[in-house]
Structures are given as structure tokens and as C-alpha cells.
2 protein chains.
Amino acid sequence: MTLNILFAATDARWDEYKDVLPQAFAHAGLKTELSRNHAPDQTDYIVYAPNSPLQDFTPYTRAKAVLNLWAGVEEVTHNQSLTIPLVRMVDHGLTQGMVEWVTGHTLRHHLGMDAHILGQDGQWRSTVPPLAEDRRVTILGLGTLGTACAQALCALGFPVTGWSRSQKHIHGIRCLAGGDGLREALSSADIVILLVPQTTATMNLLNDDRIALLPKGAIVINPARGPVIDDDALLGALDSGHLAHATLDVFRTEPLPPAHRFWTHPQVTVTPHIASVTRPKTAAAAIAANIARNEAGNDMIGVVDRGAGY
Amino acid sequence: MTLNILFAATDARWDEYKDVLPQAFAHAGLKTELSRNHAPDQTDYIVYAPNSPLQDFTPYTRAKAVLNLWAGVEEVTHNQSLTIPLVRMVDHGLTQGMVEWVTGHTLRHHLGMDAHILGQDGQWRSTVPPLAEDRRVTILGLGTLGTACAQALCALGFPVTGWSRSQKHIHGIRCLAGGDGLREALSSADIVILLVPQTTATMNLLNDDRIALLPKGAIVINPARGPVIDDDALLGALDSGHLAHATLDVFRTEPLPPAHRFWTHPQVTVTPHIASVTRPKTAAAAIAANIARNEAGNDMIGVVDRGAGY
């Protein structure tokens, strides 16, 4: 039996997914017909973006589930016409991408790559970096992303300290918590990586006082959210020579305005919010796997508890 | 009892080791006196560089072993006056450093970092790289260094193919061998990393014909030895657009002459033979650990079979 899959999202999303979704369905062993125009009473599953025109699910009498294209479902959980299961995106690519970006930029700073990438001037600069075992890395935030990055860096030989609000226990990682823990985590960091969520408690987490705790010459890497750093405090510490470099993937305003000082500061590297993004290929695979699970009578991954809201 | 350790090497080596060796001895629980001037009949161990003035070991009647400062012992194995054990350097830092350099530069190219490091011009270039699982890495050479690098990249999610002269079996790595294996290893490489030893068989291993097997847009990374690449073939493939980039740590002449085209070619990154070097700290720890082993009646690591020559 062919499953009719309705794609209810914007044109831009359709361009991203119109090829990878059929491939993912085929790879999962599903016979499907993907379309943006299935009749409501002929639709078996709905691949959905909350900002699509489809807001009344009542006519979709045959549909078995709504599969959200991303993790956030706050704009759809309160839709009263949606009575079938709603599934949020659980994409291993989000964590994997973050691990690759964080590991890559940590090694870049550890190895002093920029001196070579920017300095191809015929000078044989044979300064040898220390081994990873002598480069202390601190990760602020030990959620899914922080933990995965801590483990990857630990496996490469870095001594890793992790800090979180509540005490965690992760094999191989020195886990600290609370206010005293934060002071210790910062004061022993050659490289500090921010992976805290954006909450009222983490706003300006890296401010003047906390930056002052970092050893002179420390490096800041921020792939979390812009507001967790006080931008003026960061620029001041770079200008004074207290910090050696900041590599920033996230900003208070995105895209970062062309006139922002981060773009021109020689000790700042801007990357355009690419550390962790939903990639159509892994997202399509997650959607296909869930439909295959449901068709086989198994639980889907990421089914939303609409009472709790996530 | 205090052990008298004679340091027999050049002034430059003394400057590197005069602080780290005593620290390593103390860390290993050894009471030692390190000096460049112990009397021959009062010397217990000799830390040795084959290019030091000490060539007649006959007066060192009390010495228990000669600990070479590096791995190569070809200049001392035939010294007839040396009758006590000779130990070559086995330094975990050599492998660890290579893993860090190779992993770092592989991630650098994988993530497209140079576009950001070199392009801080206010343009928000939000091109997202594929995940590591979609970036095929081939390592030529599966000795100690190649195997360690293959495993580190595999752990980060890259599909890794390894090629060696004789067939190897390494968990998680697609191991190929022989001529057909080399063709397959090259034709499926988005990034190819050279870690073969320099022998007559590997001279110009990457020549015109073999570079032509690489997919268009491939990247070459060479931390092995300069002569394993045909430089003109490499430059030709970069100029024609067949190859996207080459990152080279080793050269036929080192330091690479300032006028060499590798320095100015926009698609070549030169690093100054830093991927794998003996670091005094790890080398000193290896020497101290061996003396502690010998004092405890255990076998030292790296004792040279002077008949075999290594």
C-alpha cells in the first residue's frame, strides 16, 4: 500500500526536502507518494512546519500523525483541531554537527592553525603546540550538546572540565556545579566553550567578572546563544590582551550586522550560526524512520505530550 | 641512593631538557642528579644524542644503560665501545601529536573553516557543511600513526578507508591493500591523508596518475614525508581545479625555501613539520619511566637489538 505523505511547509522547505524525503522513505522501505497537494481525506501522514498555511487539521480524517520539521512545537501544541499524534524532530545531526564544529575549532585554536592559514609568507615558524593533555578545556553547560562535546574532546586527550547548574557525573570529565564550581571551571580553562541554554539565569553568563577569572591568554568559543556573553566585556578583554581570541557562531542579532566590531576585530572569528543546524538529509531520515516505526506498530520517537507542551 | 644521570647531547638539547628531565625523574619517584659533567666512573645512566661528543663508552664502567633522545639509533648501533643496553625513544607524544594535527586539519577542511578565518568581511556566508558521515576520508599507510589517526577520525563519525601494502584488519575501518585497493581507496576519497613511510616503493606515490583517481574537489593532507608526493603533479592538479586544496607539513627540502610555489599558492597550506615532533616533556617522561623500570628490575621499553639494528 502506498502512503500519501502531505508536505505542509513553505516553498523554501519544499526545495530542501522534495528530493531527500522520497530517498529517505525508500531507504526505510516505505512505498510513499510525497506531495504538497494530497486531498485531506486521502492523506496518511503530514510533514509539517508550524508556519505553513495548514492550521485546521479537521478534514484530515485518515491521517495518522503530524511530523514536525523541527524540534520546537510551541506554535502548534495548542491547536485544538490537532487530535492525532504530533511528533517533534529528534535529529542526531544537531548533536553530531555541534560535536564536529566544537572539536574542529578547539583543535584549530589548540594547534594555532590561524598562524599558518593567515601567514603563508615563506617564514618557517616551527613553534610546536603542547599536546592536548596540556590544554585545559572547560565546557559550560552539560546538556545533550555539552556532554557530547566533552566526551569527544576527552577522547582526543584534552583534560575536560564541565560545569552545569546541577551536579552531573560523566565518565572522564571533571564535573563541577554551582557558583564555586563555576569559578573553578573558569579559572582553570585555557579554552572555554559555551553550551548553556539561553535562560534568564545564563544571560550575560560571561560578563566582566567571570571573564576576569579566566587565565590570561584564554580562548572563548560560543556556539550556544548570543546573549550568554556580554559583548562589551568580551571586546574589552580582547583589547586588553586578557583574552587571546573569541570564535563566535551566535549573536544577539543574526545575521550579525556588517558594521559590528566582531567582524573587524583581529582576535574574533565570526561563523554564521552553522555549528548545529537541521540538515534535510538527517531530518528526512528521522521522519522516515518514525513513519516506518508507526506502520510497524512501534512507538515513534519524539511524540509530544501536549499537556506538558513538549 | 641518588642516581647520577649524565646528559650527553648538544647545548640546544640541554636547554630543552635541563628542567623537564629532573621534573620527570622526581615524578617517577627517582632520586637523581642530572649533570653534563659526571665523572665516567660515577655515572649510572646516560641520556644520549648520537651527535654528542661522547663516542667512547669504555670509561663508563658503572653505567647501566644508554637512553637515546630520539627514535633513530642508526648512528650508534655500530659503536663497539657500547656494551650496556641501548634504549631508543618510544614517545607516545609522537603518535598523539600526529592524531591531533591530522584530526584538526581534517575537521578544518571538512568544516570549510578557511572561508571564515580568511573572510571576516561582514558577509554572513551560511553554507552548512555535510556531516562527517558524508565526508569520505582515506588514509594511505596503516602503521602506528595511520592506524591511530584512522581510529580518531572514525570515532568522530567519518567513514574511513585505510590502505596499506599488506592487508590489515582494524575495527570500524575499511581496510584495503595492494594495487586494486589503492585505486579504490583513492577514487573514493574526499580527503586523502598520507601516512606512509618513506621508502623506494612510496616515492612519488601520489603522482599524476594516482591524483587523477581522486574525485574532483578532493583535498590532500601530507604529514608523512615530502618525497611521497610528486610536487609538480600536485601543483598541476590544484591549478586545473581537479584538487581543491593541499595542506602539507613535510617537503623535499626543509625548511621549505621561501621562494617555493607552495608558499604562495592560494590552495596550499604549508605547516613547518610540526605534526609529529618529539616534545621534551613526553620524551623526558619516557626516559624517567625506563630508568624507574630498570631500577625495579623490569624490562625497559625500546631496548635496541643491536644485531637487527633497531
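None of the values given here were measured: they were computed from a predicted structure.

**Section: the packing of aromatic side chains**
Right, on to step 1. Applying the stated rule across the entire model yields 10 aromatic pairs over all chains.
Right, on to step 2. Measuring from ring centre to ring centre gives 5.8 Å for Phe251 of chain A and Trp124 of chain B, while their planes differ by 70°; the resulting arrangement is edge-to-face. Linking Phe251 of chain A in the loop between β11 (243-248) and α9 (261-264) with Trp124 of chain B in the loop between α4 (113-117) and β6 (137-140), this pair reaches from one chain into another.
Right, on to step 3. For Phe251 of chain A, a relative accessible area of 5% translates into the label buried.
Right, on to step 4. In this structure Trp124 of chain B comes out as partly exposed when scored by relative accessible area, which is 22%.

**Digging into the relation of the copies chain A and chain B**
Between the two copies of the chain lies a rotation about an axis combined with a shift along it.
Right, on to step 1. By a simple turn and slide, chain A fits onto chain B: the slide is 0.0 Å along the axis, the RMSD is 0.1 Å, and the turn is 180°. This pairing of chains is accounted for by a two-fold axis. Residue Gly104 of chain A, judged by its C-alpha, is the member of chain A lying nearest the rotation axis, at 2.9 Å.

**Some details on the sheet that holds strand β10 (residues 218-222) of chain A**
Residue and element names in this part refer to chain A.
Right, on to step 1. With respect to topology, 7 strands assemble into an open sheet ordered β8-β7-β6-β9-β10-β11-β12, the strand pairing being parallel. With one partner strand each, in any of the chains shown, β8 (174-177) and β12 (268-270) form the two edges of the open sheet. Strand-to-strand, the axes of this sheet are offset by a mean angle of 15°, without reference to chain direction.
Right, on to step 2. Sheet topology places strand β9 (residues 191-194) next to β10; 3 bridges connect them, and they run parallel. Paired with Ile191 across the strands is Ile219, a residue of β10.
Right, on to step 3. Strand contacts of helix α3 (residues 92-111): β6 (137-140), β9, β10, β11 and β12, with the helix running at about 155° to β11, the strand carrying the most contacts.
Right, on to step 4. Contacts from helix α5 (residues 144-155) reach β6, β7 (160-164) and β9 within the one sheet, and its direction differs from that of β6 by about 170°.

**So, the domain arrangement of chain A**
All names here are of chain A.
Right, on to step 1. The assigned domain composition of chain A is domain 1 (3-91 + 278-295) and domain 2 (92-270).
Right, on to step 2. Just the C-alpha atoms count here: the centres of domain 1 and domain 2 sit 37 Å apart.
Right, on to step 3. Ranking the residues of domain 1 by area buried against domain 2 places Asp91, Arg279 and Thr282 at the top, with a combined share of 79%.
Right, on to step 4. In this assembly, domain 1 and domain 2 are joined by 0 salt bridges.
Right, on to step 5. Looking at the side of domain 1 that touches domain 2 residue by residue, the classes come out as 1 nonpolar, 2 polar and 2 charged.

**A closer look at the nonpolar core**
In globular proteins that are soluble, nonpolar side chains generally tend to be buried together.
Right, on to step 1. Judged by nonpolar contacts, the single largest core of 54 residues is most densely connected at Ile139 and Ile193 of chain A together with Ile139 and Ile193 of chain B.
Right, on to step 2. Not counting residues within four places of it along the chain, the set of residues in contact with Ile193 of chain B comprises Val102, Thr106, Val137, Thr138, Ile139, Leu140, Leu153, Ile221 and Pro223 of chain B.

**Considering the packing of helix α2 (residues 20-27) of chain A against helix α10 (residues 280-295) of chain A**
All names here are of chain A.
Right, on to step 1. At a minimum axis distance of 8 Å, the contact between α2 and α10 shows a crossing angle of 45°. Overall, the two elements α2 and α10 adopt an arrangement that is oblique. For the element pair α2 and α10, the recorded crossing hand is right-handed. Residues Val20, Leu21, Ala24 and Phe25 of α2 lie in contact with α10, whose contacting residues are Pro280, Ala284, Ala285, Ile287, Ala288 and Ile291.

**Considering the side chain of Asp190 of chain A**
All names here are of chain A.
Right, on to step 1. By the secondary structure assignment, Asp190 is in the loop between α6 (178-187) and β9.
Right, on to step 2. By relative accessible area, Asp190 is classed as buried at 18%.
Right, on to step 3. Reaching out from Asp190, the side chain makes a polar contact with the backbone nitrogen of Arg136 at a distance of 2.8 Å.

Criteria and thresholds
- Residues numbered from 1 in each chain as written.
- Chains lettered and ligands numbered in written order.
- Predicted model: local features only at pLDDT ≥ 70, side-chain atom pairs only at ≥ 80, totals over all residues.
- Heavy atoms only, no water.
- Phe/Tyr/Trp six-rings, centres within 6.5 Å; stacked < 30°, edge-to-face > 60°.
- Helix = DSSP H or I, 4+ residues; strand = E, 2+ residues; numbered from the N terminus.
- Buried < 20%, exposed > 50% of the residue type's maximum accessible area, 1.4 Å probe, protein only.
- Least-squares fit on C-alpha atoms with pLDDT ≥ 70 in both.
- Pairing = 2+ DSSP bridges.
- Axes fitted to C-alpha atoms, helices over the stretch in contact; angles between N-to-C directions.
- Contact = heavy atoms within 4.5 Å.
- Domains from an automatic or database assignment.
- Buried area = accessible area lost by both parts, 1.4 Å probe.
- Salt bridge = Lys/Arg side-chain N within 4 Å of Asp/Glu carboxyl O.
- Nonpolar A, V, L, I, M, F, W, Y, C, P; charged D, E, K, R; others polar.
- Core = buried A, V, L, I, M, F, W, Y, C linked by side-chain atoms within 4.5 Å.
- Parallel < 35°, antiparallel > 145°, perpendicular 65-115°, else oblique.
- Left-handed = near helix turned anticlockwise from the far one by under 90°.
- Polar contact = N/O pair within 3.5 Å; in protein donor to acceptor, adjacent residues only side chain to side chain.

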